[in-house]
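The primary structure of each chain is shown beneath.
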Amino acid sequence: MAATIPDPQPGTHPADEAGRPPSDRASRVEAHGIDHIGDEERHGHPRQLFSIWAAANVNYLSLVTGGALVLMGLSLWQALAVIVVGNLFWLLTGLLSISGPAAGAPSEVITRAIYGVLGNRVNNAIVGWMISVCYFALNLAAAATAAFSLVEKAGITANTGVQITVVVVIAALTLAIGVYGHAMITRLYLPITLVLSAVFAVVAVPVLRHTDFGHTPAEPLSGIGLWSVLIAGVTLIGSGPLSYTTSADFSRYLPRTTSSKAVVGWTTLGGFVPGVIVCSLGACAATAVDMSDPQTGLEQILPVWFTPVFLLALVLGTIAINALTSYSAGLALQAVGIRIRRTRSVLVDGTAAVSLTLYGLLISNFLDTVSNVLQLTVVLLGPAMAVYATDILLRRNRYDGPALMDETPGSRFWYTAGFNPAGTIALAGGVIAAALCVNTLYTGPVAQALGGVDVALPVGIVVASVLYTALTRVSGRVPVRS
């Protein structure tokens, strides 16, 4: 028996002129949740994935992280090198996305093959839902801060009532996209990408004009100190693509015969290109203005008339990110085993995120606490993505979508008491290994031995992948088709 209330079944009406079935049209609320997408409903081209990921990465956060690298003590050229290396993790996001067309299912369901039916519920509760809601709240808070400035510039005092209204309106726009679902995202994200690209192109002109291309810190880093910051910088940039362990959610409607290389390529380029460009603008800006307060710093070099446009773009970019987050979090809530329609699960996620945002903005420093905790998410997300990617390679990306829908004890993915020991142990081992190497909110013993160098990301990924490969082969569970 499925653990969720099935979403409304698609009708029998023919596909439209673009080949979209009624179940996946922008004008209609998406009919599917975590259920299987049949071959007759598959459509689209992998190039559509480019704008989906680009719209989510031409944003304020990328500017901030790029600027942070220079604030950490790197020279401009060192920061640019770190930006390129960190964004290479989009290759992993691209690899995970090929499982969508193969299975006709979202990542939240495909990972039943890795962790088992019950083990996957735990995985979705933590990796899929809890972390997503926290990211939603943090991004919403960032968008609200920009919107507060915009309201003040319009001559309206941003008192408590106005702030609550702003947060709710931004969240409502975001959740509307998430509720309408896949087709709406596909339809909207190309124009959003074009608009945001135009805005950031204008931003680039004054930024590059003021950039000190020979910038080096007053006291250049060297030795262990330099390596520590370089690796921390790669981890900071890489945490972006690593947070998208659900990339199959947005590729699952593509035909089963879609080229895997094309899916990997368009997904990777959609994240990598804007990630490198916008992060680099942030790094360049940090050589000219104080990027510890990016919004105020950038306003010093932007044309006065353009500031409101820039603030609106920050809000739009955050809506694009959070719509993807709310969509996947809604699927994760279904995959946890809660009997709820996808449309309602998205609203539940939004309600939780809005509550956290308002609590953090108006009552306490809760969001600061959550932000600090999320610095540690790479300890979990790195190994989680590594295990998922390794499973795809071991199975040669051959997934039986209908079989993945079976959550009964008779399912081939029930394994041992509902858990796959290989996936569970590999993830736990990777997380433990990464936790021993971390140097953020605390310093692990391995980081201490290395003089403060944080190697949690590479260690977690390698340990998790090696463990999963070894345990899967020992158990004999490396099926040609799962």
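Residues numbered from 1 in each chain as written. Predicted model: local features only at pLDDT ≥ 70, side-chain atom pairs only at ≥ 80, totals over all residues. Heavy atoms only, no water.

Look at helix H9 (residues 160–180) against helix H15 (residues 342–362): their axes get within 10 Å of each other, and the N-to-C directions meet at 155°. What the angle tells us is that H9 and H15 run roughly antiparallel. Judged by the twist between their axes, the crossing of H9 over H15 is right-handed. Contacts from Thr 160, Gln 163, Ile 164, Val 167, Ala 171, Leu 175, Gly 178, Val 179 and Tyr 180 in H9 reach Arg 342, Thr 343, Val 346, Leu 347, Gly 350, Val 354, Thr 357, Leu 358, Leu 361 and Leu 362 in H15. (Axes fitted to C-alpha atoms, helices over the stretch in contact; angles between N-to-C directions. Helix = DSSP H or I, 4+ residues; strand = E, 2+ residues; numbered from the N terminus. Parallel < 35°, antiparallel > 145°, perpendicular 65-115°, else oblique. Left-handed = near helix turned anticlockwise from the far one by under 90°. Contact = heavy atoms within 4.5 Å.)

Another point: the packing of aromatic side chains. One pass over the structure, following the stated rule, counts nine aromatic pairs. Measuring from ring centre to ring centre gives 6.4 Å for Phe 200 and Phe 310, while their planes differ by 70°; the resulting arrangement is edge-to-face. With a gap of 110 residues between them, Phe 200 in helix H10 (residues 182–210) and Phe 310 in helix H14 (residues 307–335) connect regions that are remote in the sequence. Of the residues examined, Phe 200 reaches a relative accessible area of 4% and is grouped as buried. Ring geometry for Trp 305 against Phe 306: centres 5.4 Å apart, planes inclined by 75°, an arrangement best described as edge-to-face. Phe 306 gets classed as buried once you look at its relative accessible area, which sits at 2%. Ring pairs connect the aromatic residues Trp 53, Trp 90, Tyr 244, Phe 250 and Tyr 327, which therefore count as one cluster. (Phe/Tyr/Trp six-rings, centres within 6.5 Å; stacked < 30°, edge-to-face > 60°. Buried < 20%, exposed > 50% of the residue type's maximum accessible area, 1.4 Å probe, protein only.)

Right, let's talk about H10 for a bit. The terminal C-alpha atoms of H10 lie 41 Å apart, and with 29 residues this matches the ideal 42 Å at 1.5 Å per residue to within 8%. Most pronounced at Tyr 189, the bend in H10 amounts to some 30°, and the proline Pro 191 follows within four residues. (Expected span 1.5 Å × (residues − 1). Bend = angle between axes of the 7 residues up to and from the residue.)

Residues Tyr 189 and Leu 298 are the most contacted members of the largest nonpolar core, which totals 126 residues. Discounting residues that sit within four places of it in the chain, Tyr 189 has contacts with Ser 51, Ile 52, Ala 55, Ile 177, Ile 319, Ala 320, Ala 323 and Leu 324. Among the nonpolar cores identified, the runner-up in size contains seven residues, and Ala 434, Cys 437, Val 438 and Val 455 belong to it. (Core = buried A, V, L, I, M, F, W, Y, C linked by side-chain atoms within 4.5 Å.)

Position of Thr 211 among the secondary structure elements: in the loop between H10 and helix H11 (223–242). In this structure the side chain of Thr 211 is engaged in a polar contact, spanning 2.6 Å, whose partner is the backbone oxygen of Val 207. (Polar contact = N/O pair within 3.5 Å; in protein donor to acceptor, adjacent residues only side chain to side chain.)

Look at helix H4 (residues 90–97) against helix H12 (residues 260–286): their axes get within 8 Å of each other, and the N-to-C directions meet at 145°. The crossing of H4 and H12 is right-handed. Across from Trp 90, Leu 91, Thr 93, Gly 94, Leu 95 and Ser 97 in H4, the residues of H12 making contact are Val 263, Val 264, Thr 267, Thr 268, Gly 271 and Phe 272. Class assignment of the residues belonging to the contact of H4 with H12 gives a composition of six nonpolar, six polar and no charged. (Nonpolar A, V, L, I, M, F, W, Y, C, P; charged D, E, K, R; others polar.)

This part is about the state of the cysteines. All told, the structure shown has zero disulfides when counted by the stated rule. There is no disulfide at Cys 279, and the cysteine sulfur nearest it, in Cys 284, is 11 Å away. (Disulfide = S-S within 2.5 Å.)

Evaluation of the coordinates by the stated rule reveals two cavities of 30 Å³ or more. In this structure, the largest cavity occupies an estimated 120 Å³ of space. A per-class count over the lining of the largest cavity returns five nonpolar, seven polar and one charged. (1 Å grid on protein atoms, 1.4 Å probe; cavity = no way out; pocket = protein on both sides within 12 Å on 5 of 7 lines; lining within 4 Å. Points joined across faces, edges and corners; volume = space filled by probe spheres on them.)

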